[in-house]
Amino acid sequence: MNAALLGILSYLGLGVLGILFGRGRLAAVLALVAGGVTLSLWAPEFPEGFLGGPPLGIALAGDFWALGIWGLALLLHAAVLLHGWKKEGLFHAIITVLIGTCLAGGVSRDLFNLYIVLELATLLSVILVAKEGRSPAVWAALRYLLLAGVGMILYLFGLGLVYGRTGLLAVSALAHADFSIPSIRIGVGFLLVGAAVKTGVFLLGLWLPPAHGQAPTEVSALLSGLVVKLGVMTMARLAEAFPVEPIVLALGILTGFGGLIYAIWEQDLKVFLAYSTVSQLGYMLLGLGLENQEAGLFYAVAHGLFKGLLFLSAGSAIEGAGKRKISELRGGLPWPAVLGLALGAWAIAGLPPLAGFPGKYALALSSPIWAKGILLGLSLGTAASFSKLLPILQPKNGDQAGGIFLLTAAILGLGIWGIFLFPGLWRLNPWLEAVLPAGAGYGVYLVLRKVPAKIRRLPLDWAILSALLTSLFLIAVVLFA
Amino acid sequence: MEALSGLALAVALAGLGLWAMVTRRNIVWKLLGLNVASGGSILFLVALSHRPGARPAIRGLGPGPAVDPLPQALVLTAIVIHFATLALALALVIILTEHRHTQDAKRLEEEQ
């Protein structure tokens, strides 16, 4: 535990020093080294301990979620550092603090500590989204802040209800609490809603697409790759403490398909990737809902890496061409961007041998037949939505892009490691099951391309209202189910 | 009774704040709504720590049961976070007002 605390403190401390004294890049590099060293000191796990002594201390544990979040955070930080090396020092310093917050979230198993981490991550993300001062980005950041604020108020109410009844905040202690008491059930409903808003679950977290789409390139990669995983992890902790798996499962299905509908017809490249993040969250929630948390985590890490790669490549493509619309980007992209977009799309469609392939296989491995059907449907839709990137993949000139190469190596490595991890992947069936939906998805794309669709994005008032109504519905479900 | 009225007030405040967030079009009003609602959530935690006849959780205030100190400690952190949220949001509103010359949520949404 001490090693993990040391890593978190050096990240936060170096980040704050970087903000104060303006040597952000140096602070980021030092923090990255400290993070890597401390991770190697405590990996692969450390037992649960209480910071400040039991029973009131903050519960921390180095379980598989902590390991996944730490590995993902450090890899993404290295990639973002390489990609945005020429950015100003303050930017790197704020990112360092954000990564430190995510590391703290990875090990915490205490509902209130998770609240603090989520709020801190929101504030830092909002600063990073709005930092360049373009007014669409500032407006997206404000939307994000308002909706996340609503979610966190609901989370505090839930925390109060659960704590008022049980006197407990640690996840492992709450797992023994009596779930049949109505006030605890209502409280759990509130907690779940708060975490779902932060995660970007469909109809609750509609702040996500504009914020991720308008943010600067490196920030989009971090938000989609890492920060939403904190919300997923919070939901995993809640599913561990309380029997709410069926509700998480329903939320996962809704999010998966809801995000897809928007992603298929979206034309702005980065907003399209953001809607695809919403849809991909469905996979991770399905993993949690099917009580297969390891598979959910594997997919979360894989998604973090390939979505980070996609956002970094999309950023260089957009900066290279000066346009955001997918149809206008055809031809003339720098070749690292083309490589990243192609391999990212390959991985997100679940094609071997990249990281999405073992991820999707692990989710389907122990699930019932209907869940396999849902997963196939999601794969097909994902392939259909990403098929629209194919026409623009024509490389022209070169550009330095270290982060893209790092993440490419990471998704390839994770994919190959995953293939060795699951012996079932050495047969022909899973390969066919991966290739066929992707091929069918391309067919669906060819059909849907002819269908003009104008899907309205929800304005802020409606986003808040839909979040509140969905949360009332969800709380009622938790109460009476 | 005191605890119950405190809880009812907390829920009412949160409802009022969220109502303002949904119905008002001016973003400064929305922020005020958010702030009132977060005040409600803080009051909720404080009211929950109440025990009948208990003294404040300060050492040396005499014998008898004290209120639960943990929610009050949590509330301190939550207050700081809500303050930071409000300050950051107002800074963003200033930037938006300078660029777009409006604080109307609908018009901010349209002119993208």
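Data block above holds the structure.
A quick note: this is a predicted structure, and the numbers were derived from the prediction, not measured. (Residues numbered from 1 in each chain as written. Chains lettered and ligands numbered in written order. Predicted model: local features only at pLDDT ≥ 70, side-chain atom pairs only at ≥ 80, totals over all residues. Heavy atoms only, no water.)

Student: Describe the overall build of chain A, listing the residues and the values that go with them.
Tutor: Within chain A, the secondary structure is distributed over 19 helices and 2 strands. Taken over the C-alpha atoms alone, chain A extends approximately 60 × 55 × 50 Å along its principal axes. Taking all 481 residues of chain A together, 65% fall into the buried category. Restricting the contact set of chain A to residue pairs at least 6 apart, pairs at least 24 apart contribute 82%. About 16300 Å² of surface is accessible on chain A, with carbon and sulfur atoms providing 70% of the total. With 29 positive and 20 negative side-chain charges, chain A shows a spacing of 11 Å between the two charge centroids. (Helix = DSSP H or I, 4+ residues; strand = E, 2+ residues; numbered from the N terminus. Buried < 20%, exposed > 50% of the residue type's maximum accessible area, 1.4 Å probe, protein only. Contact = heavy atoms within 4.5 Å. Areas by Shrake-Rupley, 256 points an atom, 1.4 Å probe, with all protein chains shown as cover. Lys, Arg positive; Asp, Glu negative; His and termini not counted. Charge placed at Lys NZ, Arg CZ, Asp CG, Glu CD.)

Student: Tell me what's going on with the pattern of salt bridges, and back it up with residues and numbers.
Tutor: Pairing between side chains becomes possible if they bear opposite charge and their charged atoms approach one another. Residues and elements named next belong to chain A. Counted by the stated rule, this structure contains 11 salt bridges over all chains. Note that Glu132 is salt-bridged to Lys87, the shortest N-O span being 3.1 Å. In this pair, Glu132 is assigned in the loop between α5 (111-130) and α6 (135-166) and Lys87 in the loop between α3 (64-83) and α4 (89-107), connecting sequence segments 45 residues apart. Across the salt bridge formed by Glu240 and Arg109, the nearest N and O atoms sit 2.8 Å from each other. Separated by 131 residues along the polypeptide, Glu240 in helix α10 (residues 217-241) and Arg109 in the loop between α4 and α5 bring together distant segments of the chain. Here the residues in one salt-bridge network are Glu48, Asp63, Arg109, Arg237 and Glu240, joined through shared partners. (Salt bridge = Lys/Arg side-chain N within 4 Å of Asp/Glu carboxyl O.)

Student: Lay out the environment of Ser135 of chain A in plain terms, naming residues and giving numbers.
Tutor: Within the secondary structure layout, Ser135 of chain A lies in helix α6. Residues Ser135 of chain A and Glu319 of chain A, spaced 184 residues apart in sequence, show a C-alpha to C-alpha distance of 18 Å. Leaving out residues up to four positions away in the same chain, Ser135 of chain A has contacts with Leu96, His99 and Arg100 of chain B.

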